[in-house]
Amino acid sequence: MELVSNLALGFQTAISPLNLFYCFLGVLIGTLIGVLPGIGPVQTIAILLPATFALPPVTALIMLAGIYYGAQYGGSTTSILVNVPGEASSVVTCMDGYQMALQGRAGAALTIAALGSFFAGCFATLLLAVLAIPLSELAFKFGPAEYFSLMVFGLIGSIVFASGSVIKAVGMVVLGLILGMVGTDITSGTQRFSFGIPELADGLGFVPLAMGLFGISEIIKSLERREKREVLKSKIMGFWMSKKEIKAAAPAVVRGTLTGSLLGILPGGGVILASFISYMLEKKISRDPQSFGKGNIRGVASPESANNAASQTCFVPLLTLGIPSNVILAMMAGAMIIHGIQPGPRVISSNPSLFWGVIVSMWVGNLMLVILNLPLIGIWVKLLSVPYRLLYPAILLFCCIGIYSVNNNTFDIGLTALFGLLGYTFAKLECEPAPLILGFVLGPMMEENLRRGMLLSRGDPSIFFTRPLSLAFLLMALAMLIVIALPAIRRKREDAFREEGEKS
Amino acid sequence: MRSIISKWVGMVVIAAVVVFLSVSLGSAQEIKGPIKIIVPYPAGGGSDVLARLIADKLKDSLSQTVIVENKPGAGGRIGTEYAKGQPADGSSMLFVNPALFVVSPMVYSKLSYDPDKDFNPLSQINTYEFVLSVPGSSSIKDVKGLMEWMKKNPKQANYGSPAAGSLPHFFGLMISKYAGVEMVHAPYSGSAPLVTALIGAQIPMAVDVFDTHIQHHPDKIRILATAGASRKHPDIPTFKELGYKDIEGVGWNGIVVPSKTPKPVIDKLNQAVVKAIKMPDVTQKIQQMGSDVTGTTAEEFGNILKHDREKWGPIIKASGFKAD
């Protein structure tokens, strides 16, 4: 019954005119940037973050969350129609979605992507509502030892789940850890690696780092390749699926939702992994694996449901433990802190209307997305033909305004430019920046908890092994290390990512 | 809303300058006229809210535009350094606290400002008391019980504070000296994670400011004593009443101006600021934040600064704490 009253409180918050409006704005922006390849939710949230300062915190979070899951919807549109993933998480959707479009079934593919996502969104909202309270109770049992071990688990997870070379992923995590060291050390209060520059006393800013590595570098990268986008010429006909398609897609949606929900909760996981794993699973259990990649509707239904479910359940560790499991959630954590709300187990009790409002708004937003997506497909297709030479200067300008307004300081703009160049270098070296960002965010937290744990135990390291929760995380981290070290599994993983890479 | 819009317009203009012209043009000459209160912390924080409350009232009483300018970074030191170079004609004021004006000068070997040479005190705005708390589930019921427990379990006598080098950190050392037990300090990254750890009994006790703990008292957190001159809450004793005469820990917010600001200007601003914070609606809001309105004269504020340095100086020195 408590669940009902909580959800009622959430509805009250979520359907206030202001919040409805910003929820709509969020999902609209999300869909828009999802459709446009190159601009993802990471850059968008980073750019829009300062603009939300003037809003009440709950409204700001509702809008930012809307951008995130809205992008998952929009990304599929581009994948299906143009064979260019609008979002990294929609890479898998290209495989069967575009094939369906070539066969004249684009309408059906778009419909199942939207309906599957909606089902996943509803389920994830409920799951979030049910799991949040027990998990936040568990969070109070988390001492420094547990947090430390959880971070170890998360960092190793980010290596395992990164695409491409393991060595490079390890290198990027370590680089992230080093960059995270800059600034005032929490435990001793002393400055490290700040070279007497006061702007570095608080550490490198997260916004300049993320915007430089992802946003600016993406723009530089796009400038060097010719614009080559071919919008599907044939008409998109028949939005409705045939009976046979419905029968095939429905169970795939359910499986995708379950897989996505689970992977969203894990630290280091998130949407990309969810869509990828669910596609592999669907192919594996299918009686006819050959038909995948040739326009099998299940290949669209399952990953699209999975990425949407994961984009919502990955709020669980943030809102209950205060731990962001991926880059976007790290950004959301930053947004909460800017609004004076420390993400963590106390959010539910100290800001119940915020917590439940954001959860319910996800369901409301999903409903809006279904309504928004189907009739507006024609417009999205047109948008794909806006030339980049107009789009990019505009994005760059908004980036600069956004970064400056975080600290009212021009130092940050220079820093962003520097990280932009670094990001471009990484792209040339085929190093993925995501593990770096996770290392940057989790590293300082890991150090803080390691040292706090050692302080409280007066220098006895056994607390990390004697507390059962902590031990469990360490063992799981160890298991993941073994998995990645086993040659057979490593080969399979590389094959899988290669397959994905070729398509994109 | 108007100030938000004008702030945005301002930011767009500045950003446009930065983007389209060279960076060296970024720091153009400040225009005289509007009065600004420089807050060296981000928008939305405690100091910022307070400064905006005051700015709103000063607008009417001085019939001038009064804006709050946020210059966050390096724990307030960036904004403070920025403020010392602003015109000393009453058009710029700076929001400060003990971290910037009492602790920093003692723990930094190189500090980019001198609180006494670069600034003149204007008025202390409010004070907030420190508290000593244990988890709600703890078997310790009062300060005496805590002292006995620490004597019996010296290896577990750890206390948390919201930050290393904060006044609560040194306040804990003050208690440690009294107790005759070497308490180990575990700093957290702010009050929120500290409160979470305390509720979950991850740490046996914590020192923090009153308003972050009182909302959880007495169920989830038990405040053993407050550190002001008189009771802050009818059910919670002060250290003084309990016989710990010298255990007193009070933080504050205040306003200073660049040092060459003429005396008549200081007096005029002081009157306007004190009038603003003593207005019933402002006082009420400050009390809701768990602190008490003071509104001192410029001289009194100067004396408070001197007194605080004499009081905390020996403890900070004895701790050996260094920030750079």
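About the thresholds
- Residues numbered from 1 in each chain as written.
- Chains lettered and ligands numbered in written order.
- Predicted model: local features only at pLDDT ≥ 70, side-chain atom pairs only at ≥ 80, totals over all residues.
- Heavy atoms only, no water.
- Helix = DSSP H or I, 4+ residues; strand = E, 2+ residues; numbered from the N terminus.
- Contact = heavy atoms within 4.5 Å.
- Areas by Shrake-Rupley, 256 points an atom, 1.4 Å probe, with all protein chains shown as cover.
- Buried area = accessible area lost by both parts, 1.4 Å probe.
- Polar contact = N/O pair within 3.5 Å; in protein donor to acceptor, adjacent residues only side chain to side chain.
- Nonpolar A, V, L, I, M, F, W, Y, C, P; charged D, E, K, R; others polar.
- Salt bridge = Lys/Arg side-chain N within 4 Å of Asp/Glu carboxyl O.
- Buried < 20%, exposed > 50% of the residue type's maximum accessible area, 1.4 Å probe, protein only.
- pLDDT = per-residue confidence, 0-100.
- Patch = residues over 30% accessible without salt bridge, like charges linked within 9 Å, V, L, I, M, F, W, Y side chains within 5 Å.
- Phe/Tyr/Trp six-rings, centres within 6.5 Å; stacked < 30°, edge-to-face > 60°.
- Core = buried A, V, L, I, M, F, W, Y, C linked by side-chain atoms within 4.5 Å.
- Pairing = 2+ DSSP bridges.
- Axes fitted to C-alpha atoms, helices over the stretch in contact; angles between N-to-C directions.
- Parallel < 35°, antiparallel > 145°, perpendicular 65-115°, else oblique.
- Arc of directions from axis to C-beta.

Trainee: How would you explain the overall build of chain B if you had to name every residue and give the values?
Mentor: In terms of helices and strands, chain B carries 12 helices and 10 strands. Look at the contacts in chain B between residues 6 or more apart in sequence, and 76% of them connect residues 24 or more apart. When the accessible surface of chain B is split by element, carbon and sulfur atoms take 56% of a total near 14300 Å².

Trainee: Run through the overall build of chain A, naming residues and quoting values.
Mentor: Of regular secondary structure, chain A possesses 22 helices and 2 strands. A separation of at least 24 residues holds for 80% of the contacts in chain A among residues at least 6 apart in sequence. For chain A, the exposed area adds up to about 20000 Å²; of that, 70% sits on carbon and sulfur atoms.

Trainee: Could you give an account of the interface of chain A and chain B, with specific residues and numbers?
Mentor: Each partner contributes residues to the interface: chain A has 39 residues there, and chain B has 46 residues. At the boundary of chain A with chain B, total buried surface from both sides reaches about 3400 Å², with 61% on carbon and sulfur atoms. The largest per-residue losses of area from chain A upon contact with chain B belong to A:R346, A:L456 and A:R458, which jointly make up 20% of the total buried on that side. Applying the counting rule to chain A against chain B returns 13 residue pairs in polar contact (both at pLDDT 80 or more). The set of elements that each furnish at least two residues to the side of chain A that touches chain B consists of α17 (388-407) and α19 (434-456) of chain A. Take the side of chain A that touches chain B: its biggest share by element is 7 residues, from α17(A). Residues belonging to the side of chain A that touches chain B are distributed by class as follows: 19 nonpolar, 12 polar and 8 charged.

Trainee: Talk me through the pattern of salt bridges; I want residue IDs and the actual numbers.
Mentor: All names here are of chain A. The tally for this structure, following the rule as stated, stands at 19 salt bridges over all chains. Notably, a salt bridge pairs R452 with E448, separated by 2.5 Å at the nearest N-O pair. With R452 and E448 both in helix α19 and 4 residues apart, this pair spans about one turn of that helix. E448 matches R452 in its accessibility class, with the two residues each being buried. Taken together, the salt bridges that share partners define one network made up of D185, R192, E447 and R451.

Trainee: So what's going on with the environment of A:V91? Which residues, and what values?
Mentor: Tracing the backbone through its elements, the reader meets A:V91 in helix α5 (residues 91-102). In the structure, A:V91 is positioned 212 residues away from A:P303 in sequence and 9.6 Å away in space, judged by C-alpha atoms.

Trainee: Lay out the confidence of the model for chain A with the relevant residues and their values.
Mentor: All names here are of chain A. Mean pLDDT over chain A: 80, with 83% of residues reaching 70 or higher. Mean pLDDT in chain A bottoms out at helix α22 (residues 487-503), which sits at 55, and peaks at helix α18 (residues 411-428), which reaches 92. With pLDDT under 50 throughout, residues 500-504 is counted as low confidence; its partners more than four residues away or in other chains account for 6 contacts.

Trainee: Residue-level account of the environment of B:E182, with values.
Mentor: Relative to the assigned elements, B:E182 resides in the loop between α7 (167-179) and β6 (184-187). Judged by its relative accessible area of 66%, B:E182 falls in the exposed class. Excluding its chain neighbours within four sequence positions, the residues that come into contact with B:E182 are A:R458, B:A157 and B:S176.

Trainee: Break down a nonpolar patch on the surface for me, with residues and values.
Mentor: All names here are of chain A. A surface patch of nonpolar side chains, amounting to about 630 Å² of accessible area, comprises F465, L471, L475, L478, L481, I482 and L486. Per-element accounting of the nonpolar patch gives the leading share, 5 residues, to helix α21 (residues 468-485). Checked against the element boundaries, I482 lands in helix α21.

Trainee: For the packing of aromatic side chains, give the residues involved together with the corresponding values.
Mentor: For the structure on display, the rule yields 16 aromatic pairs over all chains. Ring geometry for A:F142 versus A:Y147: centroids 5.4 Å apart, planes at 65°, classification edge-to-face. Assigned by exposure class, A:F142 and A:Y147 land together as buried. Counting every residue linked through ring pairs, the aromatic cluster contains B:F130, B:F171, B:Y178, B:F239 and B:Y244.

Trainee: So what's going on with the nonpolar core? Which residues, and what values?
Mentor: In terms of nonpolar packing, the biggest core is built from 80 residues, with B:L58, B:M150, B:F171, B:F239 and B:W312 touching the most fellow members. Formed by 72 residues, the second largest nonpolar core is a distinct cluster that contains A:A310, A:L415, A:L436 and A:V441.

Trainee: Could you give an account of the pairing of strand β8 (residues 221-226) of chain B, naming the residues involved and the relevant values?
Mentor: Each regular strand carries side chains that alternate between the two faces of the sheet. Residue and element names in this part refer to chain B. Counting buried residues in β8 gives 6 out of 6 residues, a clear majority hidden from the surface. Inspection of the sheet shows strand β4 (residues 119-135) paired to β8 by 5 bridges, in the antiparallel sense. The partner of S133 across the bridge, within β8, is I223.

Trainee: I'd like a rundown of unusual backbone geometry, residues and numbers included.
Mentor: All names here are of chain B. Here the bond from H217 into P218 is cis, since omega is 0°, no more than 30 degrees from zero. Structurally, P218 is set in the loop between α9 (210-214) and β8. For A74, which is not glycine, the phi dihedral falls at a positive 50°. Tracing the backbone through its elements, the reader meets A74 in the loop between β2 (66-70) and α3 (77-84).

Trainee: Give a detailed account of the packing of α7(B) against helix α12 (residues 298-319) of chain B, specifying residues and quantitative values.
Mentor: Residues and elements named next belong to chain B. The geometry of α7 relative to α12 is characterised by a closest axis approach of 10 Å and an angle of 85° between their N-to-C directions. Here α12 runs roughly perpendicular to α7, going by the angle between their axes. Facing α7, whose interface residues are L167, F170, F171, L173 and M174, α12 presents K311, W312, I315, I316 and S319.

Trainee: Which residues make up the confidence of the model for chain B, and what values do they have?
Mentor: For chain B, mean pLDDT is 86; residues scoring 70 or higher make up 89% of the total. The model gives residues 18-31 of chain B a pLDDT under 50, and that stretch makes 11 contacts with residues more than four places away or in other chains.

Trainee: Can you tell me about helix α11 (residues 280-288) of chain B, naming the residues and giving the values?
Mentor: All names here are of chain B. Those residues of α11 not exposed but buried are V282, T283 and I286. Each buried residue of α11 sits inside an arc of 100° when the element is viewed along its axis, so together they form one side. Along α11, the residues that are exposed and aim more than 90 degrees away from the buried face are P280 and Q288. The elements touched by buried residues of α11 are α2 (46-61), β4, α10 (263-277) and β10 (292-293).

Trainee: Please set out the environment of B:Q64 residue by residue, giving values where relevant.
Mentor: Among the structural elements, B:Q64 can be located in the loop between α2 and β2. Taking the C-alpha atoms as reference points, B:Q64 and B:I35, 29 residues apart in sequence, are found 7.0 Å from one another.

Trainee: Please give an account of the side chain of B:S104 that cites residues and values.
Mentor: Residue and element names in this part refer to chain B. Note that S104 resides in helix α4 (residues 98-107). With a relative accessible area of 7%, S104 lands in the buried category. The residues contacting S104, other than those within four sequence positions of it, are A99, L111 and Y113.

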